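Understanding the architecture of this molecule
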Amino acid sequence: MIQLPPPEFRPLGVDGILVRFARELSEQANQRALAFRNQVDAMALPGVTEVASSLTSVRVAFDRELTDRAAVTRALQIACGKLDSADGSPKRLWQIPVAFGPDYAPQLAEAAALAGYTPEQAIAEIEAQTLRVIAIGFAPGQPYLGMLPPAWDIPRQTSLTEKMPNGALVAAVRQLIIFAADAPTGWRHIGQTAFAVYRPDAPEPFALAPGDAVTFRQISDSEFATLHQNTDTNGGATCKVLS
Amino acid sequence: MLTLTIHSVGPGVTVQDLGRPGWTARGLSQGGAADRFAVLEAATLLATDNQNAVLEMMGMGGVFSVSADTRIALTGAEMQASIDGTPVQHNTTQLLRAGQRLTIGGVRKGVYGYLAFAGGITTDPVMDSRATHLTAGIGHRLEIGETLQLGRDTDPLAGPMLLPQSDRLNGGTVRVMPGPQTDYFTADTLQSFAETTFQRSPRGNRQGIRLDHAGTGFATSGQLNILSDLIVPGDIQMTGEGVPYILLAECQTIGGYPRIGTVVPGDLPRVAQAMPGAALRFQFLTLAEADATAQSDQTVRRALRQLCQPRVRDPRDIADLLGYQLISGVTPGDDLERPRYDPQS
């Protein structure tokens, strides 16, 4: 395992500190960021108002009326020192049904070919993975799931897909996204879920949290149609809390 | 029950408050008013809670009426406004009587105007806020014929109040603090950025504004390989061509373009209110200097309360001047020193 350099502490806004574990994405750096986020959350530091993670960094926001940059920085440096023993294992395991039929996966064959697979092999490999929510962002609740095996290090397409349906499973650079943005994208559309990552009117508007484990299960197009019509089950997804 | 009726409305009118903090980890930015200071000004004038929801009007207002008397305040961008044909002063409280027509036209100065009501707008909150967040699908742009519920004004006959005009509507110099990627730029690039005068581009919205300038862009090396990372409102990001964008209230939570620094929150209203073509320049602060500029909403409110004073009517604004008994009037004696409102300026 590669030894990561010590994290960088940087200001991000007058009320925030960014702790950056690496300037390049690796599973190790992402897991450290997620573990650090959990640890700082659990510490409930006085005056800390929000702890948010990205791929390899964590931003800690604080209320300047209650604390200051120096005090939060000191507390975070101590937390970093204890991080080696931090538990980065997932707290929840999701299983999300996906339709891979041609109508629901217009770019599956293309993406599979870039990775060196037939579509069937690609589906089997996706089903075999337990992925992690390595970041949430771009659109509300939208998860970046990683990391797929190295064969999936396929680039974004140079042209943009103007309109991706909500719940689309899209692939690029060893990651999958369950698409939730009303925005053009260069990621390829390889499957379709009926899963809403974000429901603003629900009591719990965001389904996934950083660090959650996610698996995908293939369903037929007709099963998808049934799940899509039934709005009570959130796409047939199940969530198991891990001890 | 107090109802606001929208008889006509511009294309960029939304309900806003100070936003919904705390959801960055889930991909939802705080949002809220593009010019937070204007919300605090309105709350000070009307002596209400900071969280009272207001109408934010980008560039153009609309025609409004209410079902019961209420005080209102117009803050932020200066917009042409009148009640049944009588001009309404900016940065003051006004009584809007039931059935009167409040007409708010185009901006004269600034971009985002605010219309606040003494009882606030009382639409159903989503995640503890009434702020419309268009990119997150919360709320919507208001449409003709819509009605909104308002809280009742408990003291509609309270004396009119006035706040001085702010100078934040004309662009100018804004202060920038270092961010996580400032050191991705060379010292030469940083210096040249600080010496450049930019113009606010016509391209912009609640997510951010683009800046135009003469000369080459402000790129980093390895521009396109930078890992996406957390962003905050005020961040100045460089696109692939090195064109700066300043991010505003409704920005995304994670972005991939490198950021040269962050406009301090106290100067972000000046950015939001800069009209297309207005000049903007940047002054880099040290971290300590930047931290010293931070002010809580409560501190801003205290300062605004000091500036808030009873409004003395300017004779030019009194339509039926000859109907008034002028000889026996008593004035505070300092009328000529008080700031005057001139609709032509």
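What counts as what
- Residues numbered from 1 in each chain as written.
- Chains lettered and ligands numbered in written order.
- Predicted model: local features only at pLDDT ≥ 70, side-chain atom pairs only at ≥ 80, totals over all residues.
- Heavy atoms only, no water.
- Salt bridge = Lys/Arg side-chain N within 4 Å of Asp/Glu carboxyl O.
- Helix = DSSP H or I, 4+ residues; strand = E, 2+ residues; numbered from the N terminus.
- Buried < 20%, exposed > 50% of the residue type's maximum accessible area, 1.4 Å probe, protein only.
- Domains from an automatic or database assignment.
- Contact = heavy atoms within 4.5 Å.
- Buried area = accessible area lost by both parts, 1.4 Å probe.
- Polar contact = N/O pair within 3.5 Å; in protein donor to acceptor, adjacent residues only side chain to side chain.
- Pairing = 2+ DSSP bridges.
- Axes fitted to C-alpha atoms, helices over the stretch in contact; angles between N-to-C directions.
- Parallel < 35°, antiparallel > 145°, perpendicular 65-115°, else oblique.
- Left-handed = near helix turned anticlockwise from the far one by under 90°.
- Nonpolar A, V, L, I, M, F, W, Y, C, P; charged D, E, K, R; others polar.
- Core = buried A, V, L, I, M, F, W, Y, C linked by side-chain atoms within 4.5 Å.

What follows covers the pattern of salt bridges. When charged atoms on two side chains of opposite charge get close, those side chains can pair. Within this structure, the stated rule accounts for 23 salt bridges over all chains. One salt bridge connects Arg10(A) with Asp183(B), and the closest N-O pair in it is separated by 3.0 Å. Taken together, the residues span two chains, with Arg10(A) in strand S1 (residues 8-11) and Asp183(B) in the loop between strand S11 (172-177) and helix H2 (187-194). Relative accessible area serves as the criterion here: at 44%, Asp183(B) is assigned to the partly exposed category. Here Glu56(B) and Arg206(B) are joined by a salt bridge, their closest N and O atoms 2.9 Å apart. Pair noted here: Glu56(B) is in strand S3 (residues 54-58) and Arg206(B) is in the loop between strand S12 (198-205) and strand S13 (208-212), with a separation of 150 residues, a long-range link. Residues Glu56(B) and Arg206(B) agree in their burial class; the two are buried. Taken together, the salt bridges that share partners define one network made up of Glu8(A), Arg10(A), Arg20(A), Arg23(A) and Asp183(B).

The linkage connecting Gly146(A) with the following residue, Met147(A), adopts the cis geometry, with an omega of -15°. Looking at the element boundaries, Met147(A) is found in the loop between strand S7 (143-146) and strand S8 (168-172). Here the phi dihedral of Asp84(B) falls at roughly 50°; this positive angle occurs in a residue that is not glycine. Here Asp84(B) lies in the loop between strand S5 (70-83) and strand S6 (86-87). Accessibility expressed as a relative area gives 49% for Asp84(B), which makes it partly exposed.

Here the focus is the domain arrangement of chain A. All names here are of chain A. For chain A, the assigned domains read domain 1 (8-85) and domain 2 (92-241). For domain 1 versus domain 2, the distance between C-alpha centres works out to 29 Å. Listed by partner, the interface residues are nine residues for domain 1 and eight residues for domain 2. Roughly 690 Å² is buried in total at the junction of domain 1 and domain 2, and carbon and sulfur atoms are behind 62% of that figure. Seen at the junction of domain 1 and domain 2, the total is zero salt bridges. Connecting domain 1 to domain 2 are one residue pair in polar contact (both at pLDDT 80 or more). If one sorts the elements of the side of domain 1 that touches domain 2 by residue count, helix H1 (residues 27-43) sits on top with five residues.

All names here are of chain B. One can read the domain layout of chain B as domain 1 (2-165 + 303-320) and domain 2 (168-285). Once you take the C-alpha centre of each, domain 1 and domain 2 turn out to be 29 Å apart. Counting residues at the interface gives 29 residues for domain 1, matched by 17 residues for domain 2. With both sides pooled, the region where domain 1 packs onto domain 2 buries about 1,700 Å², and carbon together with sulfur makes up 55% of that total. Here domain 1 and domain 2 share three salt bridges between them. The salt bridge partner of Glu41 is Arg168, with a shortest N-O separation of 3.0 Å. Seen at the junction of domain 1 and domain 2, the total is 12 residue pairs in polar contact (both at pLDDT 80 or more).

Once that is clear, we can look at the sheet that holds strand S3 (residues 48-53) of chain A. Strand pairing in a sheet is mediated by backbone hydrogen bonds. Such pairs are either parallel or antiparallel. All names here are of chain A. Here we have four strands laid out as an open sheet, ordered S1-S2-S4-S3, and antiparallel in their pairing. Of all strands in the sheet, those bounded by a partner on one side alone are S1 and S3. Strand-to-strand twist across the sheet, computed as the mean angle between neighbouring axes with direction ignored, equals 20°. Where S3 meets strand S4 (residues 57-62), five bridges bridge the pair, whose relative direction is antiparallel. Across the sheet, residue Ser53 finds its bridge partner in S4, namely Val58. H1 rests against strand S2 (16-20), S3 and S4 of the sheet, and its axis sits at about 165° to S3.

Residues and elements named next belong to chain A. Their axes nearest at 10 Å, the elements H1 and helix H2 (residues 69-81) cross at an angle of 125°. Viewed along their axes, H1 and H2 adopt a mutual orientation that is oblique. In the crossing of H1 with H2, the sense of the turn from one axis to the other is right-handed. Across the interface between the two elements, Phe36, Gln39, Val40 and Met43 from H1 touch Ala75, Leu76, Ala79 and Cys80 from H2. Of the residues that constitute the contact of H1 with H2, the class distribution is seven nonpolar, one polar and no charged.

Of all hydrophobic cores here, the largest spans 43 residues; its most connected members are Tyr114(B), Phe193(B), Ile236(B), Ile246(B), Val263(B), Val271(B) and Phe282(B). Ranked by the residues each element gives to this core, the list is headed by helix H1 (residues 36-46) of chain B, at six residues. Lining this core are residues from two domains, each supplying at least three of them: domain 1 (2-165 + 303-320) and domain 2 (168-285) of chain B. Residues within four places of Phe193(B) in sequence aside, it is in contact with Phe198(B), Phe218(B), Ile236(B), Met238(B), Pro244(B), Ile260(B), Phe282(B) and Phe284(B). If you look at the next biggest cluster of nonpolar residues, it comprises 38 residues, including Ile96(A), Ile123(A), Ile136(A) and Ile154(A).

All names here are of chain A. Of all the seven residues making up strand S11 (residues 213-219), five are buried; the element is thus mostly covered by neighbouring parts of the structure. Bridging between strand S5 (residues 92-99) and S11 involves seven bridges; their strand directions are parallel. Across the sheet, the residue bridging to Ala99 is Ile219, located in S11. Both strand S6 (residues 131-136) and S11 contribute to a ladder of two bridges, which runs antiparallel. Of the residues in S11, the one forming a bridge with Leu131 is Val214.

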